[in-house]
Amino acid sequence: FTTLIHPLFTTLIHPLFTTLIHPLFTTLIHPLFTTLIHSLFTTLIHPLFTTLIHPLFTTLIHPLFTTLTHPLFTTLIHPLFTTLIHPLFTTLIHPLFTTLIHPLFTT
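What counts and how
- Residues numbered from 1 in each chain as written.
- Predicted model: local features only at pLDDT ≥ 70, side-chain atom pairs only at ≥ 80, totals over all residues.
- Heavy atoms only, no water.
- Helix = DSSP H or I, 4+ residues; strand = E, 2+ residues; numbered from the N terminus.
- Rg over C-alpha atoms; globule rule 2.2 N^0.38 Å.
- Buried < 20%, exposed > 50% of the residue type's maximum accessible area, 1.4 Å probe, protein only.
- Patch = residues over 30% accessible without salt bridge, like charges linked within 9 Å, V, L, I, M, F, W, Y side chains within 5 Å.
- Areas by Shrake-Rupley, 256 points an atom, 1.4 Å probe, with all protein chains shown as cover.
- Salt bridge = Lys/Arg side-chain N within 4 Å of Asp/Glu carboxyl O.
- Expected span 1.5 Å × (residues − 1).
- Bend = angle between axes of the 7 residues up to and from the residue.
- Polar contact = N/O pair within 3.5 Å; in protein donor to acceptor, adjacent residues only side chain to side chain.

Novice: What am I meant to see in the overall build of the protein chain here?
Specialist: When helices and strands are counted, the protein chain shows 1 helix and 0 strands. Rg of the C-alpha trace for the protein chain: 29 Å, well past the compact-globule value of 13 Å for 107 residues, more than 25% over. With the C-alpha coordinates aligned to their principal axes, the bounding extent of the protein chain is approximately 70 × 45 × 35 Å. A buried classification covers 0% of the 107 residues belonging to the protein chain.

Novice: Just checking my understanding: could you explain a nonpolar patch on the surface for this structure?
Specialist: Taken together, Leu96, Phe97, Leu100, Ile101, Leu104 and Phe105 make up a surface patch of nonpolar side chains, about 620 Å² in accessible area. Mapped onto the secondary structure, Phe97 falls in helix α1 (residues 5-106).

Novice: Looking at this structure, I do not really get the environment of His14. What am I missing?
Specialist: Structurally, His14 is set in helix α1. Distance from His14 to Thr42, taken between C-alpha atoms, is 35 Å for residues 28 residues apart in sequence.

Novice: Please explain α1 as it appears in this structure.
Specialist: Each turn of an α-helix holds 3.6 residues, which means side chains three or four residues apart point in the same direction. The end-to-end C-alpha distance of α1, which contains 102 residues, comes to just 67 Å, noticeably less than the 152 Å that a straight helix rising 1.5 Å per residue would cover. Taken as a whole, α1 carries its principal kink of about 50° at Phe65.

Novice: Help me out: how do you make sense of the environment of His62 in this one?
Specialist: Position of His62 relative to the elements: it lies in helix α1. Sequence separation between His62 and Phe25 is 37 residues; the distance between their C-alpha atoms is 40 Å.

Novice: What should I look at first to understand the environment of Thr51 in this one?
Specialist: Within the element layout of this structure, Thr51 appears in helix α1. Given the relative accessible area of 60%, Thr51 is considered exposed. Polar contacts involving the side chain of Thr51 include one to the main-chain carbonyl oxygen of Pro47, which spans 2.6 Å.

Following this line, the structure appears as structure tokens:
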């Protein structure tokens, strides 16, 4: 305590708190929170979430994802991409473009 904690506290932590952290909090952070952030949350964000975002998500987005988008992706889009589109692109389209088409238009 006497060789590490007390010297560290008296030379660094306490001065830093009293000269920077506490003044910054009392003059900027606390006023900003109480006048702007809290007001914004209580008048806009919370009402918007409870009346629009949450109902929209629970009644439309989540059901749509679980019944249509996710099954469609896992059974059709991802297999199609990994077995056809990606191999076709990496072995044919990209090489053809970089060696033939792109040089034709840039030179």
